[in-house]
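# Descriptive structure summary
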Amino acid sequence: MGMPQLELLAQRNTRGIENNSRNHPFQANFETLNMQRGLDSQLELSRPLLLQMMILMATAPPPKFSLPLIDKKSRGKHSFQSKYVFFSNKPYPKFDPLTPNLHFSYDTVLTPASPAQAKEKKITDWNTKIYEVCEMGNIHKAIELLYMSPKTEIESRTYCSILQLSAELKSLQDGKKVHSFICSSGISIDSILGSKLVFMYVTCGDLREGRLIFDKIRNEKVFLWNLLMNGYAKIGDFKESVYLFREMLDFGVEVNSHTVSCILKCFAALGSVKEGKWVHGFLLKLGFGSYNAVINSLIAFYLKIRRVDVARKLFDELSDRDVISWNSMISGYVANGFSEKGVELFKKMLFLGVDVDLATMVSILQACANCGDVSLGRAVHGSGVKANLHWKTTFCNTLLDMYAKCGVLDGAIRVFDLMGVRTVVTWTSLIAAYAREGLSDEAIRSFHEMDREGVSPDIFTITTVLHACACNGSLENGKDVHNFIRENDMRSNIFVCNALMDMYAKCGSMEDANSVFLEMPVKDIISWNTMIGGYSKNSLPNEALSLFGDMVLEMKPDGTTLACILPACASLASLDRGKEQIT
DNA sequence: ATAGGGTTAG
């Protein structure tokens, strides 16, 4: 696009933003789009140009990520366009004039035969009827017809089409009905029908049943292996996924790019550095490198094991980077503590005109929070509103958190007030925002309000609100939360217990802290340090020292432990003990 | 043909 057009567009869009600022509650007015700190610092791009780019970015067509959602929903409804897929390559011969006896012929449709004849056709042609109903996405009708039909007449691929539909509608209930019908019909479950059954079960979230069938029909089709591996990865059972991968190799299945991206994700999650690198080598050998998704997963793998340098090298060498490559790299920088680098890459992205989406914005907002760069944060806010991202809870949650972390509490509250859907993350972020500003009463009030609104707190919420109580020294509120923990059976969580002990210690009740400590099923170094430090700070040096003695029997103290114990030694004037700890 | 890579709070 030539420069004049760019300017024209920018002008038009400026007005757009101004209009928006009047109408939209977020008030992303143009003044707030100043990017002094965020964008001026790197001189490679001039400020006006960047501004224009931000605007351009903001007016980009609705981001792609929303489209698949719509697509999926409208499938099946747009009945005649949707094509249900079969394992068989042969299409259904519906309306095929050459086979008038087996299926509806043009004759049947255009010039109905005698009523008796037509009736008979309708009754005998169960397979075609069911197929057609499936094509229209009517699962209930399909199953109704299935129940009405004589079992011996239903063909394998008819079952496949209903199973496919059940999978698309994620209706495990209907899929199960079809499965039991198949079992009672006595038809043999061959590899095609079996695959469809596995596909249905995995898609509908019943991995166990899917696996049972998979194990029975085990074959070398890579698709099914990938499907199950992915299913396990999705529920966080990475070990099972890796197990399947090894089996797959033993079985002689030829892996493909889907397999590779899945296994890399698993290795990253399990922290299996050596194995992941082995996959990298494997890729180099096999020349899989041209697949974008594969390199992207490799980049994500290296970022997760904190090898930012390797990831960046892969990123730089990648010839056609897509938005996911950029997002991976940016979020990786942010997650590894290089927020400035993330922002730098973001600017480059804008400069090159790469489409920005929700994930990009979320990462950049995080980066803003980390750097305290509220100016850039506001710019992203404005752009997000323009791009209609403010309907996305994720975006608003991150935005809220960004304002809070930058110390702009009222900004955070405004975002909160205007949000349509508030999840547990939203509430937790708000509570943390209050706690951060030392407004513990407000934090606790929000906690109760959240409860009234019917949003259940999770362990993050609990630790946050306990922290608020601790800062406030409000034992009463803390005990309230403790009751909540007991009622909701969160006592076995180590983070919750550590936060509870810290709260009690800061509120001056070491007895309560100790009873939590004693009941803990598993203790980590933070548990010990919290207790020892608590005794120290509450002027109970003997208890601190005695607990320290217990601790060294179980685990190695760290620097924090020493920092906690030394004041106790000092207060006891126990030089010998103090020396003992140091050596 | 069906699947895959990046996204929020302590």
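About the criteria used
The residue count restarts for each chain, going from 1 along the sequence in the order it is written. Key to labels: chains lettered from A, ligands numbered from 1, both in the order written. Whole-chain, interface and lining totals are the exception, using all residues; otherwise, since this is a predicted model, local features are given only for residues with pLDDT of at least 70 and side-chain atom pairs are given and counted only at 80 or more. Side-chain measures here rest on the full set of heavy atoms in the structure, leaving out hydrogens and waters. A residue counts toward a patch only above 30% relative accessible area and without a salt bridge, and it is joined to like-charged neighbours within 9 Å or, for Val, Leu, Ile, Met, Phe, Trp and Tyr, to nonpolar neighbours within 5 Å. Per-residue accessibility takes into account occlusion by the displayed protein chains alone, with areas from the Shrake-Rupley method and a 1.4 Å probe. Take a side-chain nitrogen of Lys or Arg and a carboxyl oxygen of Asp or Glu: if they are within 4 Å of each other, that pair is a salt bridge. Working convention for charge: Lys and Arg count positive, Asp and Glu count negative, and His plus the chain ends are omitted. Charge positions come from single atoms, namely NZ of Lys, CZ of Arg, CG of Asp or CD of Glu. Elements are defined by DSSP. Helices are runs of H or I of four residues or more, strands are runs of E of two residues or more, and each kind is numbered from the N terminus. Relative accessibility thresholds used throughout: buried, under 20% of the residue-type maximum; exposed, over 50%; partly exposed, between the two (1.4 Å probe, protein chains only). Note on definitions. A residue lies near a molecule or strand when any single heavy atom of the residue is within 4 Å of it. For the purposes of these results, a polar contact is taken to be a pair of N or O atoms within 3.5 Å, where, inside protein, one atom must be able to donate a hydrogen and its partner to accept one; residues adjacent in sequence count only when each atom of the pair is a side-chain atom. Residue contacts follow a heavy-atom distance rule, with two residues in contact if any of their heavy atoms lie within 4.5 Å. Expected span, for any helix, means 1.5 Å times one less than how many residues it has. Any cysteine sulfur atom paired with another within 2.5 Å is treated as part of a disulfide. Working definition: rings of Phe, Tyr and Trp (its six-membered ring) pair if their centres are within 6.5 Å, and the pair is stacked with planes under 30 degrees apart, edge-to-face with planes over 60 apart, and tilted otherwise. Put simply, a charge is over a ring when the Lys NZ or the Arg CZ is close to the ring centre, within 6 Å, and near the line of the ring normal, within 35 degrees. UniProt positions are given in the numbering used here, feature names are shortened, and annotations may be inferred rather than shown by experiment. Here the nonpolar core consists of buried residues drawn from Ala, Val, Leu, Ile, Met, Phe, Trp, Tyr and Cys, with membership extended through side-chain atoms lying within 4.5 Å. Simply put, an axis is a line fit to the C-alpha atoms, just over the touching stretch for a helix, and the angle between two N-to-C directions goes from 0 to 180 degrees. Here the word oblique covers every angle except those under 35 degrees (roughly parallel), over 145 (roughly antiparallel) and from 65 to 115 (roughly perpendicular). Helix crossings fall into two classes, left-handed where the near helix is turned counterclockwise from the far one by less than a right angle and right-handed where it is turned clockwise. Each residue receives one of three labels: charged for Asp, Glu, Lys and Arg, nonpolar for Ala, Val, Leu, Ile, Met, Phe, Trp, Tyr, Cys and Pro, and polar for the others, Gly being one of them.

### Things to note about a positive patch on the surface
Among the surface-exposed residues, Lys170, Lys234, Lys265 and Lys304 lie close enough to one another that they form a single positively charged patch. Among the structural elements, Lys234 can be located in helix H13 (residues 222-234).

### Thoughts on the pattern of salt bridges
For the structure shown, the criterion picks out 16 salt bridges. Asp316 is paired through a salt bridge with Arg312; the nearest N and O atoms lie 3.0 Å apart. With Asp316 and Arg312 both in helix H18 (residues 308-317) and four residues apart, the pair spans about one turn of that helix. Measuring nitrogen to oxygen at the nearest pair gives 3.5 Å for the salt bridge that ties Lys479 to Asp512. Taken together, the residues Lys479 in helix H28 (residues 475-487) and Asp512 in helix H30 (residues 510-519) connect sequence positions 33 residues apart. Relative accessible area serves as the criterion here: at 36%, Lys479 is assigned to the partly exposed category. What emerges from the salt-bridge pattern is a single network uniting Arg211, Asp215, Arg218, Glu240 and Glu247.

### Considerations on the protein's contact with DNA strand B
Close to DNA strand B lie 41 residues, the nearest being Ser257, Asn296, Asn327, Asp357 and Asn397. At the protein interface, 30% of the atoms of DNA strand B within 4 Å belong to sugar or phosphate. Note that a base nitrogen of DNA strand B is positioned 3.4 Å from one of the side-chain N or O atoms of Asn292. Residue assignment for the surface near DNA strand B shows that the elements contributing at least two residues are H13, helix H15 (257-270), helix H17 (292-304), helix H19 (323-335), helix H21 (358-371), helix H23 (393-405), helix H25 (424-436) and helix H27 (459-472).

### What about the side chain of Ser241?
Here Ser241 is to be found in helix H14 (residues 238-251). Apart from residues lying up to four places away in sequence, Ser241 is in contact with Met229, Tyr232, Ala233, Cys262 and Cys266.

### Side note on H13
Over its 13 residues, H13 extends 18 Å from the first C-alpha to the last, a length consistent with the 18 Å expected when each residue adds 1.5 Å. Counted residue by residue, H13 has ten buried out of 13 residues, so it is predominantly covered. Regarding H13, the residues found buried are Val222, Leu224, Trp225, Asn226, Leu227, Leu228, Met229, Gly231, Tyr232 and Ala233. On its buried side, H13 packs onto helix H11 (191-203), helix H12 (207-217), H14 and H15. Among the residues trailing H13, Gly236 stands out with phi positive, at a value near 85°.

### What to know about the state of the cysteines
All told, the structure shown has zero disulfides when counted by the stated rule. Looking at the unpaired Cys262, the closest cysteine sulfur is the one in Cys266, lying at 4.4 Å. Exposure remark for Cys262: the relative accessible area of 4% places this residue in the buried category. Looking at Cys368, it has no disulfide partner, and the nearest cysteine sulfur is the one in Cys406, 6.8 Å off.

### Side note on the packing of aromatic side chains
Counted by the stated rule, this structure contains twelve aromatic pairs. For the pair Phe214 and Trp225, a centre-to-centre distance of 5.0 Å together with 85° between the ring planes defines the contact as edge-to-face. One end of the pair, Phe214, is in helix H12; the other, Trp225, is in helix H13, and eleven residues separate them in sequence. The exposure class of Trp225 is buried, given its relative accessible area of 0%. Considering the side-chain rings of Phe301 and Tyr302, the 5.1 Å spacing of their centres and the 70° angle between planes classify their relative orientation as edge-to-face. Grouping residues by exposure puts Phe301 and Tyr302 together as buried. Taken together, the ring pairs in this structure connect Tyr147, Tyr159 and Phe181 into an aromatic cluster. The ring of Phe181 is capped by Lys151, whose NZ or CZ atom sits 5.4 Å from the centre of that ring.

### A closer look at the UniProt feature "repeat: PPR" (unreviewed entry) in chain A
UniProt's entry tags residues 221-255, 322-356, 423-457 and 493-527 with the feature "repeat: PPR" (unreviewed entry), counted in the numbering of this structure. Annotation note: span residues 423-457, helix share 74%, strand share 0%, distance between end C-alpha atoms 10 Å.

### What about the nonpolar core?
Ile162, Ile299, Met329, Met402 and Ile462 are the most contacted members of the largest nonpolar core, which has 155 residues in total. Excluding residues that lie within four positions of it along the chain, Met329 makes contacts with Ile299, Leu303, Val308, Ala311, Arg312, Phe315 and Leu345.

### So, the packing of helix H9 (residues 156-168) against helix H10 (residues 172-185)
When two helices pack together, their arrangement is given by the angle between the helix axes and by the axis-to-axis distance. One way to put it is that H9 packs onto H10 with a least axis distance of 8 Å and a crossing angle of 160°. Judged by the angle between their axes, H9 and H10 are roughly antiparallel. Between H9 and H10 the crossing geometry is left-handed. Only Asp174, Gly175, Val178, Phe181, Ile182 and Ser185 of H10 make contact with H9, whose side of the interface consists of Tyr159, Ile162, Leu163 and Ser166. Residue classes in the contact of H9 with H10 are distributed as six nonpolar, three polar and one charged.

### Some remarks on H27
Compared with the 20 Å implied by 1.5 Å per residue over 14 residues, the 20 Å span of H27 between its first and last C-alpha is a close match. Regarding H27, the residues found buried are Thr461, Ile462, Thr464, Val465, Leu466, Ala468, Cys469 and Ala470. Residues of H27 that are buried make contact with H25, helix H26 (440-452), H28 and helix H29 (494-506). Positioned one or two residues after H27, Gly473 has a phi angle of 65°, which is positive.

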